[in-house]
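# Observations on chain architecture
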Amino acid sequence: MIAKLLNVDESVRKMELNFETGVPFKPLYGVTDDRTLELYMHHARQESTKYFLLVTVGEESVRHGKVSDKAKTEDQNLSDSYIPGLDSINEVPNVANSRTTAEDVCTTPVEPYQNVPPIPISVVEADVEGSGSGDQTCVEEGIYGEGGILGDIEEHRIFRSKKELMTCLSITAMTEKFQYKVFKSKPSFVVVHCVHTSCSWRVRAKKLVESEYWMVMKYEKKHTCPTDFKPVRRRQATSWVVEECVKRKLINPGRVYRPRDVMDDMKRKFGVDISYSVAWRGRECAYDNLRLGTPEQSYKLLPGYLHMLMDTNLGSVVNLEVSDGNKFQYLFIAFAASIHGFSYCRPVISIDATHLKGKYIGVLFTAVCHDVNQQIFPLAFGVGDSENDASWSWFLGRVKSVFGVNPTLIIVSDRHRSINNAVQEVFPQAFHGICMYHLLNNLKTKFRNKTKELEQHYIRTAKTYNLQDFHVLFYTLCSTVPGVKEYLEAVGLDRWTRSHAPSRRYNIMTTNISESLNAVLVKVRELPITAFVNEIRLLCQKWFHERHKKAVGCTTMMSKDVETKLEERKDRAQAMGVICADQYTFDVVDGERNYCVDMALWTCTCRKFQLDQLPCDHVLAVVRKTPYQAYDLCSLYYTREFWHETYRGVISPIPHISSWTIPQQIYEFEL
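Keep in mind that this is a model prediction, so the values were computed, not measured.

Here the focus is the overall build of the protein chain. The helix and strand inventory of the protein chain stands at 24 helices and 21 strands. When each of the 671 residues of the protein chain is scored for burial, the buried share is 50%. As displayed, the protein chain offers around 32300 Å² of accessible surface, 51% of which is attributable to carbon and sulfur atoms.

This next bit is on the sheet that holds strand S7 (residues 180-185). Strand pairing in a sheet is mediated by backbone hydrogen bonds. Such pairs are either parallel or antiparallel. The antiparallel open sheet is built from 5 strands, whose spatial order is S6-S10-S9-S8-S7. At either margin of the open sheet sits one strand with a lone partner, and together these are strand S6 (158-159) and S7. Pairing of S6 with strand S10 (residues 214-220) involves 2 bridges; the strand directions are antiparallel. Considered in S10, the bridge of Ile158 is made with Met215.

Glancing now at the pairing of strand S17 (residues 431-434). Taking every second residue as pointing to the same face, both faces of S17 are buried, with Phe431 and Gly433 on one and His432 and Ile434 on the other. Pairing of strand S16 (residues 410-413) with S17 involves 4 bridges; the strand directions are parallel. Residue Ile411 lies in a different strand from S17, and its bridge partner there is His432. Crossover S16 to S17 through helix H12 (residues 417-426) is right-handed.

For the rest of this paragraph, the subject is the environment of Glu212. Along the polypeptide, Glu212 turns up in the loop between strand S9 (202-207) and S10. Residue classification places Glu212 among the partly exposed positions, given a relative accessible area of 48%. Separated by 53 residues in the primary sequence, Glu212 and Phe159 place their C-alpha atoms 8.8 Å from one another.

Attention now moves to the packing of helix H11 (residues 389-403) against H12. Two elements in contact, H11 and H12, have axes whose closest approach is 8 Å; the angle formed by their N-to-C orientations is 40°. Classified by the interaxial angle, the pair formed by H11 and H12 is oblique. Judged by the twist between their axes, the crossing of H11 over H12 is right-handed. Listed contacts from H12 to Asp389, Trp392, Ser393, Leu396, Gly397 and Lys400 of H11 are Ser418, Ile419, Asn421, Ala422, Val423, Glu425 and Val426. Residues of the contact of H11 with H12, tallied by class, amount to 6 nonpolar, 4 polar and 3 charged.

This part is about helix H19 (residues 529-552). Given a rise of 1.5 Å per residue, 24 residues ought to cover 34 Å, and the 35 Å separating the end C-alpha atoms of H19 matches this to within 8%. With 17 of its 24 residues buried, H19 lies for the most part within the structure.

Quick look at the nonpolar core now. Counting 107 residues, the largest nonpolar core has Ile351, Trp392, Phe395, Leu396, Phe427, Phe532 and Val619 as the members making the most contacts within it. Broken down by element, this core gets its largest block of residues, 10 residues, from H19. Excluding residues that lie within four positions of it along the chain, Phe427 makes contacts with Leu396, Val399, Lys400, Gly404, Val405, Leu409, Ile411 and Ala422. With 22 residues, the next largest nonpolar core counts Leu439, Phe470, Leu477 and Val484 among its residues.

Before going further, it helps to examine the pairing of strand S14 (residues 363-370). Consecutive side chains of a regular strand alternate in pointing toward one face of the sheet and then the other. S14 sits mainly inside the fold: 8 of its 8 residues count as buried. Because side chains alternate across S14, one face comprises the buried residues Val363, Phe365, Ala367 and Cys369, and the other comprises Leu364, Thr366, Val368 and His370, equally buried. As judged from the 6 bridges shared by strand S13 (residues 348-355) and S14, these two strands associate in the antiparallel manner. Along S14, the bridge assignment pairs His355 with Val363. Where S14 and strand S15 (residues 376-384) come together, 8 bridges link them in antiparallel fashion.

This part is about the sheet that holds strand S18 (residues 577-580). Spatially, S18-S19-S20-S21 is the arrangement adopted by the 4 strands of the open sheet, whose pairing is antiparallel. Pairing within the sheet leaves two strands with one partner each, and these edge strands are S18 and strand S21 (603-604). Against the sheet, helix H22 (residues 617-625) engages S18, strand S19 (585-590), strand S20 (593-598) and S21, with an angle of about 115° to S19.

Mean pLDDT for the protein chain: 78, with 74% of residues reaching 70 or above. Throughout residues 22-27 the model reports pLDDT below 50, and contacts reaching past four residues in sequence, or to other chains, amount to 20 contacts.

Moving on, we come to the side chain of Ser338. Locating Ser338 in the fold gives a position in helix H10 (residues 336-341). Ignoring sequence-local partners within four residues, the contact set of Ser338 consists of Phe377, Pro378, Leu379, Phe403 and Phe544.

With that settled, consider H11. In a regular helix each residue adds 1.5 Å, so 15 residues correspond to 21 Å; H11 covers 21 Å between its end C-alpha atoms and thus fits that length. The backbone nitrogen of Ala390 has a side-chain oxygen 3.2 Å away, supplied by the residue at the start of H11, namely Asn388. Residue Gly404 follows H11 closely and has a positive phi angle near 75°.

Turning our eyes to something else, we now look at unusual backbone geometry. Even without a glycine there, the phi angle at His156 is positive, about 70°. Looking at where His156 falls in the secondary structure, it is placed in the loop between helix H4 (138-144) and S6. A relative accessible area of 45% places His156 in the partly exposed class. A positive phi angle, near 55°, is found at Gln613, a position not held by glycine. Relative to the helices and strands, Gln613 resides in the loop between helix H21 (608-612) and H22.

The rules behind these values
- Residues numbered from 1 in each chain as written.
- Predicted model: local features only at pLDDT ≥ 70, side-chain atom pairs only at ≥ 80, totals over all residues.
- Heavy atoms only, no water.
- Helix = DSSP H or I, 4+ residues; strand = E, 2+ residues; numbered from the N terminus.
- Buried < 20%, exposed > 50% of the residue type's maximum accessible area, 1.4 Å probe, protein only.
- Areas by Shrake-Rupley, 256 points an atom, 1.4 Å probe, with all protein chains shown as cover.
- Pairing = 2+ DSSP bridges.
- Right-handed = clockwise from strand over helix to strand, strands pointing away.
- Axes fitted to C-alpha atoms, helices over the stretch in contact; angles between N-to-C directions.
- Parallel < 35°, antiparallel > 145°, perpendicular 65-115°, else oblique.
- Left-handed = near helix turned anticlockwise from the far one by under 90°.
- Contact = heavy atoms within 4.5 Å.
- Nonpolar A, V, L, I, M, F, W, Y, C, P; charged D, E, K, R; others polar.
- Expected span 1.5 Å × (residues − 1).
- Core = buried A, V, L, I, M, F, W, Y, C linked by side-chain atoms within 4.5 Å.
- pLDDT = per-residue confidence, 0-100.
- Polar contact = N/O pair within 3.5 Å; in protein donor to acceptor, adjacent residues only side chain to side chain.

Laid out in structure tokens, this is it:
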């Protein structure tokens, strides 16, 4: 019938029918006879958004109801109409196939990873402090939400596995406050009864031929046991049932969910008392399921995951380095979207490292910068054994090879010795600035008795733009805290002050953006390696999408943050007097001080205009009295167009693990 509808001659072209199950262990199920067709129809009626028909004609694929463009071009006989009889099933959009290169893909079919849970589809929230055990909705989500055991026991219902069947039976028993016992269990069928000998409640299910699916053949729903019958304990509340009940609660890595919380939720929902050990085992099993297995399994999955990341995000750079014996050593990731967007960001990179908290620990290296709207723009991520000269040199070497070297590039970091050595080795031509707050903490440690006076004078000295102001402030600082002058001069005035920096630092005087990113990832750093990398991808994917929408919706010439600054400066400029010297030179009176503005050279003696490349108060006072336009005096780094370009790239999702297609050498590689 289907061949006739698609106008395909079966004697000339071979046609196969399969349907996608969404199960990692058996992603495709062949439709070969009436029994398997009935099985497909049963699934499709229940969950039409998960199960759809895949028709293969020759080497071209046709999803249920729609023919691919390539198939239409090569065979005009294929129809674009729905298949009659199946039109009650909604059409499901096609999932993009892997874009592997010819030299990467083997000539023989490659099996996907088997017996591995799917990648968790969670989103890291920037605010993780509010996560706790106060949310009382997650037990219901775990049982009745997406990804849980859905529906009730009923005759002819099909389950994907025996474990799923028994889990559903256990949850039904706990919900309806009774117990069952397994009367008979074989590899091909199972019979369960109510624990009371005179009760008629029972379920009989059998395994379908040549599949892992189980079907309920007979279900006696009514209980005939005495109403006062109370079992001594609820033996259905096992750890693997608890796992199913709580797994939805653990999707967010920032969620704090203790075994005691598991015990409380099981008691509240089902009236079941479980031991601490059962709660702990159930939670840990759920963790392993959601986190791509154990830490050891996660490392084995990593090469295949990285291949799919590059395959779905063309142009991304991924480096995985192993030592002798295929031991993990270093990992570097830079998304193609980040590589493209960096060209439209100010050339000031903040680098930092923070410790991972999983079983095999390690260190996360990050390189970030500010976007047009003063938000964190992630450039690259790395994982290494520790913060040492070799690991920092390796990471920064990859950053240099991917992003290149801008003549005005500035790298900002803390004063870690290994960072200093690596920057001198890898970026000898770039200026290496110090985070002023990290240096302040060093000063507070060294000069403990003068912390209050020290902080007040130090911050003003570091942030000032004007050299004359710097000398006055620095003298005051050194007079207030004896010994600080020699210490700061040994560090280098150009490394911690804005006024002495040889290149523009703009307003980026700290590594706060790196610290903020570390704070967002604080719970994610506890995950096994592959789940950890996936959470980073999800976070970047979310950021790029949301900020692209914000940039597209921007109706002003500059970004929202820059527009706010300009408005504040315009308000202050209204109180200033402007005296014209010639067409380009102006004297601006700001209170008791005068500033000279040269519109030909784009300079102001306050130096804020030339160092930030954004009009200062005095320039805006000139603009108010002359035909000059404020927007024309802003750097392109602050414009709406650069904001659009920064987030033009897309970080694409990675398909379900059952759909991975990887080269044989990667599939066989064991890390």
